[in-house]
Amino acid sequence: RNFTLEELSTSDRNASDRGYVIAAARPTENKNRFVGRHAPLKTLGSILGKATRKTPQLVVIHAEPGMGKTRLLAEAERRLTRGHFNVAFYAANCPPNGASLPWSGMRAMLHILCGTQVGDSPQRIMEIKPRLRALGLGDEHVAAVLQLLGAPTRARATEFRATLRGSFSRMVRSLCRDRLHCFAWDEAQAIDAETLGAILQVSQSRKLRGVFILTQHGDLHGRVERRDDLHLLELPDLTEHETIQLLESQLDVRSIPPELAEYVRARAGGQPLFIEELLRELCDTGNVQVLAGKVVFEEPASSATPRTLKAI
């Protein structure tokens, strides 16, 4: 990850040199060439096209862990930005234990929408009040959002659930009024029931330029699976040609020995995470080296699958 650092005040401690504190963390940009997944990207593009006609869309990107769901989201956002499309893209991560934490998925998305993050001071959270007002939220809706983000406000407990749902709906409608917006929840197998209900409700709104994306592995949520308008994108294994492309991209070369491709396919199949981890193991042990732009591969003496790959 990339970190934003702020200078640490030494007023309350003695320090021989300047210190810094982490103020924010951002995912590291993946500079490797995007490999495969052209069909799902094309399908996602056509879904966005439908949404521009004020028809909200619900999408689930489904695959086992390590198949590239998060990478697909990042590539979709990158291409929208590079193509200068008039589309806003917001992606939030559901916490691993989010299913047991009411509104955890909504909290994650609201942090993204409001430009805040977990751990911000109450004063920092309160600074977004004018932004919420500009999105058309009334007093009760503003209080509910601020409370969920950690500000010392108190929305009425008996109506908090309905108020927060209404707040999200109003925010989405306001944002989507002028251009298409995509709202994505990564690792949505851990999404909580309250957030999922709010997403399903607003995604059925009429005349809304919005696309709601869930990426997950495992069984689909029952309420999602029953939606007749659901777009389900399954990510298959990489083909042999795509596997070779991924290896070339990881090693930053134009070609690789056929025996390396055969070795990797035999042990990692077409699973992107397995391929990358196996290649990393081969590089660490010296069985794969890049000399003057040429890949040199020496098959390991042991034919067993590396321990790191077995652990994954």
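Refer to the preceding data block for the structure.
Rules and cut-offs
Residues numbered from 1 in each chain as written. Predicted model: local features only at pLDDT ≥ 70, side-chain atom pairs only at ≥ 80, totals over all residues. Heavy atoms only, no water. Helix = DSSP H or I, 4+ residues; strand = E, 2+ residues; numbered from the N terminus. Buried < 20%, exposed > 50% of the residue type's maximum accessible area, 1.4 Å probe, protein only. Expected span 1.5 Å × (residues − 1). Arc of directions from axis to C-beta. Contact = heavy atoms within 4.5 Å. Axes fitted to C-alpha atoms, helices over the stretch in contact; angles between N-to-C directions. Parallel < 35°, antiparallel > 145°, perpendicular 65-115°, else oblique. Left-handed = near helix turned anticlockwise from the far one by under 90°. Nonpolar A, V, L, I, M, F, W, Y, C, P; charged D, E, K, R; others polar. Polar contact = N/O pair within 3.5 Å; in protein donor to acceptor, adjacent residues only side chain to side chain. Core = buried A, V, L, I, M, F, W, Y, C linked by side-chain atoms within 4.5 Å.

(A) Summary view of the environment of Arg 177. Within the element layout of this structure, Arg 177 appears in the loop between α7 (160-175) and β5 (180-186). Arg 177 sits in the exposed class, given a relative accessible area of 55%. Between the alpha carbons of Arg 177 and Lys 54 there is a distance of 9.3 Å; along the sequence they are 123 residues apart.

(B) Geometry of helix α1 (residues 38-51). The first and last C-alpha atoms of α1 sit 20 Å apart over 14 residues, in line with the 20 Å expected at 1.5 Å per residue. Taken as a whole, α1 has its buried residues at Pro 40, Leu 41, Leu 44, Ile 47, Leu 48 and Ala 51. Relative to the axis of α1, the buried residues are bounded by an arc of 115 degrees and lie together on one face. Exposed positions of α1 whose direction lies more than 90 degrees from the buried face are Ala 39 and Lys 42. The inward-facing, buried residues of α1 contact β3 (57-62), α2 (69-82), β4 (87-93), β5, β6 (210-216) and β7 (230-234).

(C) Highlighting the packing of α1 against α2. Relative orientation of the contacting elements α1 and α2 amounts to 55 degrees, with a least axis distance of 11 Å. Taken together, the axis directions place α1 and α2 in an arrangement best described as oblique. Of the two possible hands of crossing, α1 and α2 adopt the one that is right-handed. The segment α1 lies against α2, with His 38, Pro 40, Leu 41, Leu 44 and Leu 48 engaging Leu 72, Glu 75, Ala 76, Arg 79 and Leu 80. Residue classes in the contact of α1 with α2 are distributed as 7 nonpolar, 1 polar and 2 charged.

(D) Quick peek at the side chain of Arg 227. The residue Arg 227 is located in the loop between α9 (222-225) and β7 in this model. Judged by relative accessible area, Arg 227 falls into the buried class, the value being 11%. Of note is the side chain of Arg 227, whose polar atom sits 3.1 Å from the side chain of Ser 203. One polar contact links Arg 227 to Asp 229, side chain to side chain, over a distance of 2.8 Å. Apart from residues lying up to four places away in sequence, Arg 227 is in contact with Leu 58, Leu 200, Ser 203 and Gln 204.

(E) Spatial organisation of the nonpolar core. Counting 44 residues, the largest nonpolar core has Leu 132, Met 171, Trp 185, Phe 212 and Leu 214 as the members making the most contacts within it. Elements that contribute at least two residues to this core include exactly β3, α3 (104-114), α6 (139-149), α7, β5, α8 (193-202) and β6. Discounting chain neighbours no more than four positions away, the residues touching Met 171 are Leu 110, Leu 113, Cys 114, Leu 132, Leu 135, Leu 137 and Val 145. By size, the runner-up hydrophobic cluster in this structure holds 23 residues, among which are Ile 61, Val 87, Val 211 and Ile 213.

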